[in-house]
Amino acid sequence: MTDPTKILLGEEKIPRTWFNIVPVLPTPLAPPLHPATHQPVGPADLAPLFCDAILEQEMSAAPMIEIPDPVRDIYRLWRPTPLYRARRLEQALDTPAHIYYKYEGGSPAGSHKPNTAVAQAYYNKEAGVRRLATETGAGQWGSALALAGTFFGLEVKVYMVRVSYDQKPYRRHLMETWGATVLPSPSQETASGRRVLAEHPNYPGSLGLAISEAAEEAASRPDTKYALGSVLNHVLLHQTVIGLEAIEQFSLAGEGPDVLIACCGGGSNFGGFTFPFLPRKLAGEKIRIVAAEPASCPTLTKGIYAYDFGDTAQLSPLLKMFTLGHDFVPPSIHAGGLRYHGDSPLVSQLVHAGLVEAVAYPQRAIFEAATTFARAEGLLPAPECAHAIKATIDEALLCKASGEKKVIAFCLSGHGHFDMTAYDRYLSGALEDQEFSEADMRQALAQLPEIRSVSS
Ligand SMILES: Cc1ncc(COP(=O)(O)O)c(C=O)c1O
């Protein structure tokens, strides 16, 4: 029999625990700081936004955390996800490299985001919470939380970045079908939204502002908590089911990855896919780990590693991360899920320590890569993960030039079926590139809060 194209696991192989990277980090994680006192935040500071179980996970240093059975039962709808060997892409590129991808687009919402949405909805339901408020960029995270909300009988309110709200009405209809209420951000519902609209009526929105609106709503209502789709430790923790399954699948494939690649917006599919492999790297295995991001929102490649606010209204704790400044409004690129000014503190610390590399690409180049992939493999990638595909193709072409037979694996974090306008613009030649400028950089530096003192 020929080697399989899809490496599949049975439902009994859905991981029973999530993998926590925190105790594995070579240096302790820089703590989040209170926005006013600049001292490390404690659970009480975050209690208006998150329920106890989630706060516990956010601050946990336990190596493994058990996945509750009701969450695993829902995971069964799409997990374990397949690991594909991209033989047809290898042939199209004429590369000696072996290319693999872990496909997360088969979830009901079409991406990796339900892996954490289901867990967050579960813990909130258990805690007696009635409503969840959140933000969404491209609509993937909002769809995932709407789905999880409907499974657990929670009301879900989504503040959707205005440019995506206008560009992607079908994502909104999907969220509404699952029972969520969706508003364009900035909205008239919150003080942050009203303030921005009064000054800039045509503001395209940003994830930073949508986070402010959702957090403001959660903080002002006792029946409502906030849910975040990326960036924070507990979100990346929940996503590690991706990498844990991939490890099992590589042992069935009989070879392991030399290069692991994922796109990085807030860092959740990147962390989820790559973190479970990090202990091997720290033990001396030669695995390269690469994060791919847009050239127009280049947090990891051009950002500053410093404490900054996670949101525009400065309501969130200060996080030590690569940032472009909390007021940065990225151009309206089609990879809406990669338009965030900061990054996960976990991913940032690993990039800063030199354990993770980062690359940035303009959007025409990533659509070219996505089209090459779609023509070879059939699946239509979300524009976000097209960044990982571009990095993978570049690595595979380097192998072609050098004759090396590396194993390259990437996370195909979602499908692009709701992104056809973007593909249409690419195919018709209307898509434009916009680079991050020196002036943007100066503005970013000017916005960073001065940290008075940090005692951990
Ligand atoms: C398909 C897909 N991939 C990746 C991302 C980026 O988010 P993260 O970096 O948290 O994985 C998003 C965000 O919306 C997404 O929808």
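If you're wondering where the values come from, they're calculated on a predicted model, not measured in any experiment.

**A few points about helix α5 (residues 114-126)**
In this model, α5 (13 residues) spans 18 Å end to end at C-alpha, consistent with the 18 Å of a helix rising 1.5 Å per residue. The buried fraction of α5 amounts to 11 of the 13 residues, a majority that puts the element mostly inside the structure. Of all the positions in α5, only P114, N115, T116, A117, V118, A119, Q120, A121, Y122, Y123 and N124 are classed as buried. Of the residues one or two after α5, G128 is the one with positive phi, at around 85°.

**Focus: the site of the ligand**
Near the ligand, the surroundings consist of 21 residues, among which Q140, S230, G265, G337 and G414 are the closest. When residues of the shell around the ligand are traced back to their parent elements, those giving at least two are α6 (140-152), α13 (268-274) and α18 (383-402). Per-element accounting of the shell around the ligand gives the leading share, three residues, to α13. Here the shell around the ligand is composed, by residue class, of eight nonpolar, 12 polar and one charged. Both domains that meet at the shell around the ligand, namely domain 1 (6-13 + 67-110 + 240-447) and domain 2 (28-63 + 111-234), each give it at least three residues.

**So, the packing of helix α9 (residues 191-199) against helix α10 (residues 207-219)**
One way to put it is that α9 packs onto α10 with a least axis distance of 8 Å and a crossing angle of 140°. Between α9 and α10, the angle falls in the class oblique. Residues A191, S192, G193 and V196 of α9 form the contact with α10, whose participating residues are L209, S212, E213 and E216. Split by residue class, the contact of α9 with α10 holds three nonpolar, three polar and two charged.

**Quick notes on the domain arrangement of the protein chain**
Where interface size is given, it is often the accessible area lost as the parts come together that is meant. Domain annotation of the protein chain identifies domain 1 (6-13 + 67-110 + 240-447) and domain 2 (28-63 + 111-234). For domain 1 and domain 2, the distance between their C-alpha centroids amounts to 22 Å. On the side of domain 2, 45 residues touch domain 1, which itself brings 51 residues to the contact. Where the side of domain 1 that touches domain 2 is concerned, the elements lending two or more residues are α3 (69-75), α12 (241-253), α13, β12 (304-309), β13 (318-323) and α16 (345-352). Counting residues per element, the side of domain 1 that touches domain 2 draws most heavily on α3, which supplies four residues.

**Description of the pairing of strand β11 (residues 288-294)**
With six of its seven residues buried, β11 lies for the most part within the structure. Pairing of strand β10 (residues 259-263) with β11, which is carried by five bridges, proceeds in the parallel orientation. Pairing of A262 across the sheet is with A291, part of β11. Bridge count for β11 against strand β14 (residues 357-361) is five bridges, and the pairing is parallel. For A291, the partnering residue across the bridge sits in β14 and is A358.

**Notes on the packing of α5 against α6**
As a packed pair, α5 and α6 sit with axes 8 Å apart at the nearest point and diverge in direction by 40°. Relative to α6, the element α5 lies oblique. As for the relative orientation of α5 and α6, their crossing is right-handed in sense. On the side of α5, the interface is formed by P114, A117, V118, Q120, A121, Y122 and K125, while α6 contributes A144, L145, L147, A148, G149, F151 and F152. Partitioned by chemical class, the residues of the contact of α5 with α6 number 11 nonpolar, two polar and one charged.

**Structural notes on helix α19 (residues 420-427)**
Considered for burial, the residues of α19 that qualify are A422, Y423 and Y426. Angularly, the buried residues of α19 cover 100° about the axis, an arc narrow enough to put them on a single face. Contacts from the buried residues of α19 go to α17 (363-377) and α18.

**Quick look at the nonpolar core**
Residues V118, I261, A262, A291, A292, A388 and F410 are the most contacted members of the largest nonpolar core, which totals 136 residues. Counting residues domain by domain, this core receives three or more from each of domain 1 (6-13 + 67-110 + 240-447) and domain 2 (28-63 + 111-234). In this structure A388 touches I261, A262, C263, A292, F410 and C411, once residues within four positions along its chain are discounted.

The rules behind the values
Residues numbered from 1 in each chain as written. Predicted model: local features only at pLDDT ≥ 70, side-chain atom pairs only at ≥ 80, totals over all residues. Helix = DSSP H or I, 4+ residues; strand = E, 2+ residues; numbered from the N terminus. Expected span 1.5 Å × (residues − 1). Buried ≥ 20, exposed ≤ 12 C-beta atoms within 10 Å, placed from the backbone. Near = placed C-beta within 6 Å. Nonpolar A, V, L, I, M, F, W, Y, C, P; charged D, E, K, R; others polar. Domains from an automatic or database assignment. Axes fitted to C-alpha atoms, helices over the stretch in contact; angles between N-to-C directions. Parallel < 35°, antiparallel > 145°, perpendicular 65-115°, else oblique. Contact = placed C-beta atoms within 7 Å. Pairing = 2+ DSSP bridges. Left-handed = near helix turned anticlockwise from the far one by under 90°. Arc of directions from axis to C-beta. Core = buried A, V, L, I, M, F, W, Y, C linked by C-beta atoms within 7 Å.

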